[in-house]
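Take a look at the letters that make up each chain.
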Amino acid sequence: MKYIATFYSHFGAIRFKREAPEGVTNIELRPVPRDLSSSCGTSASFDASESFTFTEDPTEEIEQIVALTNEGYRIIFESPNK
């Protein structure tokens, strides 16, 4: 399944790619889609299983993670600081 993560900083996106959570593959850094607002212009598109969960961000760099579905975006994780 395809996911997109948005970040508070470009450094956060680079760090996510370098220190990807277990089960995350095929990470591509790209511009944030217009439908997803972010204070940083870089997002990470990646693959993971349909059962992928993300509950805590120790780096505090991730703004949100969404799953791409036929109906649009489904939020998997949202920063409490958002």
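In what follows, the structure referred to is the one given above.
Y3, F7, F16, F46, F52, I62 and I65 are the most contacted members of the largest nonpolar core, which has 16 residues in total. Mapped onto this core, the elements with two or more residues apiece are β1 (2-7), α1 (10-18), β3 (42-47) and β4 (62-69). Those residues in contact with I65, other than ones at most four positions away along the chain, are Y3, I4, A5, F46, F52, F54, R74, I75, I76 and F77.

By volume, the largest pocket amounts to about 170 Å³. Along the walls of the largest pocket sit G12, R15, F16, E19, P21, F54, E56, D57, P58, T59, E61 and I62, which together make up its complete lining. A total of 3 residues in the lining of the largest pocket trace back to one element, the largest contributor, which is α1. Of the residues contributing to the lining of the largest pocket, the split by class is 5 nonpolar, 2 polar and 5 charged.

Its location among the elements puts G12 in helix α1. Assessed through its relative accessible area of 4%, G12 is described here as buried. Excluding residues within four positions of it along the chain, G12 makes contact with F7 and E61.

Here we come to the sheet that holds strand β5 (residues 72-78). Within the open sheet, the 5 strands sit side by side as β2-β3-β1-β4-β5. Their pairing is antiparallel. The open sheet has two edge strands with one neighbour each: β2 (25-31) and β5. The average undirected angle you get between the axes of adjacent strands in this sheet is 25°. Where β1 lies against β4, 5 bridges are found, and the strand directions are antiparallel. Looking at the pairing, A5 lines up with I65 of β4. Against the sheet, α1 contacts β1, β2, β3 and β4, and its axis sits at roughly 165° relative to β2.

The description of two aromatic rings rests on the distance between their centres and on the angle between their planes. Enumeration over the complete set of coordinates arrives at 6 aromatic pairs. Where Y3 meets F46, the ring centres are 5.5 Å apart and the plane angle is 15°; that geometry is what we call stacked. Of the two residues, Y3 sits in strand β1 while F46 sits in strand β3, which places them 43 residues apart along the sequence. Side by side, Y3 and F46 carry an identical accessibility label, which is buried. In this structure an aromatic cluster arises from ring pairing among Y3, F7, F16, F46 and F52.

What counts as what
Residues numbered from 1 in each chain as written. Predicted model: local features only at pLDDT ≥ 70, side-chain atom pairs only at ≥ 80, totals over all residues. Heavy atoms only, no water. Core = buried A, V, L, I, M, F, W, Y, C linked by side-chain atoms within 4.5 Å. Buried < 20%, exposed > 50% of the residue type's maximum accessible area, 1.4 Å probe, protein only. Helix = DSSP H or I, 4+ residues; strand = E, 2+ residues; numbered from the N terminus. Contact = heavy atoms within 4.5 Å. 1 Å grid on protein atoms, 1.4 Å probe; cavity = no way out; pocket = protein on both sides within 12 Å on 5 of 7 lines; lining within 4 Å. Points joined across faces, edges and corners; volume = space filled by probe spheres on them. Nonpolar A, V, L, I, M, F, W, Y, C, P; charged D, E, K, R; others polar. Pairing = 2+ DSSP bridges. Axes fitted to C-alpha atoms, helices over the stretch in contact; angles between N-to-C directions. Phe/Tyr/Trp six-rings, centres within 6.5 Å; stacked < 30°, edge-to-face > 60°.

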